[in-house]
Each structure stands twice: as C-alpha cells, then as structure tokens.
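Working through the structure, step by step
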Amino acid sequence: MYRFIQLLSMFLLALQLVYAQAPVITGAARTAEYLHLLKNKRVALLVNQTATIGNTHLVDSLLKLQVRIQKIFSPEHGFRGDADAGEKVDNSVDQRTGLPIVSLYGKHRKANAADLRDVDILIYDIQDVGARFYTYISSLQELMESAAENSIPLIVLDRPNPNGHYVDGPVLDTAFRSFVGMQPIPLVHGMTVGEYARMLNGEKWLKNGLQCKLTVIPCLRYNHHTFYELPVKPSPNLPNMASIYLYPSTCLFEGTLLSLGRGTDKPFQVFGSPLFPKDLYTFTPRSMPGAKEPPLKNQPCYGFDLSGDAQSVLQQTGYQLQLKWIIQAYQLYPQKDKFFTPFFNKLAGNSTLMQQIKDGKSEQEIRQSWEPALSGFKKIRAKYLLYPAAQ
C-alpha cells in the first residue's frame, strides 16, 4: 500500500511539474516592490546573464529607470556567463554600459570595504538550480557577509528553483566545507535563493554569526511544485532542462576520472570512459566554448546517454537524487583504485559516500544513512520557505 501511495504521489508531482506551467513573475520583474529602496542610492549588483526582466538585462532595465548603478559584481562564469567552470575571470568594463565589473571569483571572492566604499545598497539576482555544489549560493553567502560587515542592506530578487520540488542527499559534514559546499545542507536543498538567504541569516550561519539587513522580493505565481523552464541557460554546461534535472546526480562524476559530457552537446547528460566496453554509447569530448579543456578531450568515450525531453528525464530521476549511475560506473570501471579523485568528497560533502560505493553498499542502504540529518534539515528549511513546498 505504501508503495502504491508513493507511486501515486510521484505521478501527481510529475503532472504538476510537466504540465502545470504557471506564468511565474520573478522578483526582478516586480520593480514596484523595490525601486523605492533604490531611490537616491548608489547601487551595486551581483548578477550574471540570468538577471533579466523579460528579454532585457536587469542592469539595462534599472538604468532606464534612472537607478544610479555604481558597479557590477560577477560570479563564477563571469557577467555574461560564458567562462569555463573554475576559469579565472578578470575585472573589466561592460562595453554596453561602461560600468566597471568586479569579479568575485577566484582569489577575490568576497567584496571588501574598498569595493563597497561608494555603494549604499546591494542587489543579488542570479538563477540557481538547487544543488549544494552549484556555487552561486556560495557567492550569495559571501555577499551577505560583505553586506553585514560593511552595514550595507542587501536585496535578493528571487527566482524559481527548477529542482525545488525535492530535498535529498547527504547533509554536508562541516569538516568538508569548501566553495562547492559551505553549509550543513543536503546535496539537493529544495530552496530558492531567497529562501536560502533567509536561512543563512536566520540560523546565523554567516561568518561570526553576523546577520545582514536582508530584503527578499519573492516570485509571484510560484510554488515548489511549479514547472519552470529557465529562459536563459544558467551556466555554459547546463544548456537545457534535461541537463538541469540531471545535474544534481551526474555532477558527482566531476569527482571521478570519467567524462560527464563536457565538450559535447550533452553536458551532464552522458557519462563514460575510454576504459568502458566499446559496445556502449560513444561520444568524444572536444574543446568548445564553455569547455575549452574538457576531461578526456579528444578521447573516444563509451558509456551511457541519459538525455531526453524534460518529462522523460524527470521520470528517469524518479524525482529524487539518483546514485545508481555513479554506482554502476564504479562497478564497470576496471581500475577501481583510480576511479575517484579527492574532489569527490568535496562534492559529496563527506568521505562516507565514496567508501559506501567502494564497499558495495546498495542505493537503499546509502539513502538510509542520510537520516536523521536529512529530516532534521527539512525541519529547519520549513521555517524559511516563502512558497508552498513539495515536501
């Protein structure tokens, strides 16, 4: 009976996610709710290519509304979102507006007092995809810390989380903190950036327990069941909804010697190795924009193709984090002592998951080990939600 109810719930969720697309109004589009906060203020924004109102970038929209923008801060992948993962992005000037762009990625990740000396208020507007290791929420935390340390108010313009319909995965062990995991949250956190900012503030998780003066402009016509197709790809290697739905599960391959499709037209949707059987799906990573030096470049790889339309990919994921692919790949890999790299533990947020896979634990056994921490997180999460939740 339990299994029937579970399957029915998954079916109903699938219908809501795939067919019930609502005309969501993002926080950025609700200018009447925050323009008065910007009046006569010197403004800086942490934004990238996803910060749009309709087809117009937020920066351009605010300039037309006579907002006094001092500078732009840019995160990983840069202001235009076309730099490789981990690629150094230098300070520059936006050719269209003439505004200075200060990179907050690499060694200078956090805005300091000098960066903020001519700023009265900060805005954050970046599309997230709901995975702990997607670094834009780490950039959010560091901007909140800068705001708190310099007594500058921060406005978060909220956007839907396309993976906001579930919460899953191991909760980060704080011994494994890094820029791809800064807080004790599960791998899939099920929150929008606005909700997550409220949690960072409310739980006093910012450095030294500081709290910033935070205003969140929520979305309208959105809840955690809403299917939301991203109008702009959030980063170079998440080109479509299939990649976004698969990302929480397949990004774990970043911590292995396999290719997960960077340098192909299906990043995060395929995985493979030159050492796998040659009768499997074949692909060859090539140098291309957004993946100039992909893993296993120019080497034929054999593996698996998970790509498809949004509905079929959602069904493949089972509306939860999937470990079956990483387990399958480990079992198939002939050089098991070389399969994992040290980066895997940073992505997982612990050293346990790697050992569980090595020990041959089943997915069910591994999932059971995530409790009670996962349930504990859900209780904390519930305090900060702005929208009806799926779980």
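Our structure is the block above this text.
What comes next is a walk through the structure. From a predicted model like this one, the values you see are computed outputs, not experimental measurements. (Residues numbered from 1 in each chain as written. Predicted model: local features only at pLDDT ≥ 70, side-chain atom pairs only at ≥ 80, totals over all residues. Heavy atoms only, no water.)

Right, let's get into the sheet that holds strand β12 (residues 270-273). Ordered in space as β12-β14-β13, the three strands form an open sheet in which the pairing is antiparallel. The open sheet has two edge strands, β12 and β13 (281-283), and neither has a second partner. Recorded for the sheet is a direction-independent mean angle of 45° between the axes of neighbouring strands. Taken together, the three bridges between β13 and strand β14 (residues 301-305) define a ladder with antiparallel strand orientation. The residue bridging Thr282 from the neighbouring strand is Tyr302, located in β14. (Pairing = 2+ DSSP bridges. Helix = DSSP H or I, 4+ residues; strand = E, 2+ residues; numbered from the N terminus. Axes fitted to C-alpha atoms, helices over the stretch in contact; angles between N-to-C directions.)

Turning our attention to the pairing of strand β6 (residues 100-103). In regular strands, side chains alternate between the two faces of the sheet. Bridge count between strand β4 (residues 68-74) and β6: three bridges; the pairing is parallel. Bridging across to β6, Ser74 finds its partner in Ser103. Pairing of strand β5 (residues 92-93) with β6, which is carried by two bridges, proceeds in the antiparallel orientation. Paired with Ser92 across the two strands is Ile101, which belongs to β6. In this antiparallel pair of consecutive strands, β5 and β6, the connection spans six residues, and Gly98 shows a positive phi of 80°.

Direction vectors running N to C along helix α5 (residues 136-149) and helix α6 (residues 193-202) enclose 45°, while the axes themselves pass 11 Å from each other. One element, α5, and the other, α6, form an angle in the oblique class. When you trace α5 past α6, the crossing you get is right-handed. Between α5 and α6, the contacting residues are Ile137, Leu140, Gln141 and Met144 on the first element and Val193, Tyr196, Ala197, Leu200 and Asn201 on the second. Looking at the contact of α5 with α6 residue by residue, the class counts come to seven nonpolar, two polar and no charged. (Parallel < 35°, antiparallel > 145°, perpendicular 65-115°, else oblique. Left-handed = near helix turned anticlockwise from the far one by under 90°. Contact = heavy atoms within 4.5 Å. Nonpolar A, V, L, I, M, F, W, Y, C, P; charged D, E, K, R; others polar.)

Burial of strand β1 (residues 42-47) is extensive: five of the six residues sit out of reach of the surface. Of the pairings in the sheet, the one linking β1 to strand β7 (residues 121-125) comprises five bridges and is parallel in character. Of the residues in β7, the one forming a bridge with Leu46 is Tyr124. (Buried < 20%, exposed > 50% of the residue type's maximum accessible area, 1.4 Å probe, protein only.)

With that out of the way, let us pick up the packing of helix α7 (residues 241-250) against helix α8 (residues 310-317). In contact at an axis separation of 9 Å, α7 and α8 are set at 10° when each is read in the N-to-C sense. Overall, the two elements α7 and α8 adopt an arrangement that is roughly parallel. Where α7 abuts α8, its residues Met241, Ala242, Tyr245 and Leu246 lie against Ala310, Val313, Leu314 and Thr317. Grouping the constituent residues of the contact of α7 with α8 by class yields seven nonpolar, one polar and no charged.

These values are about where atoms sit, not about what they do.
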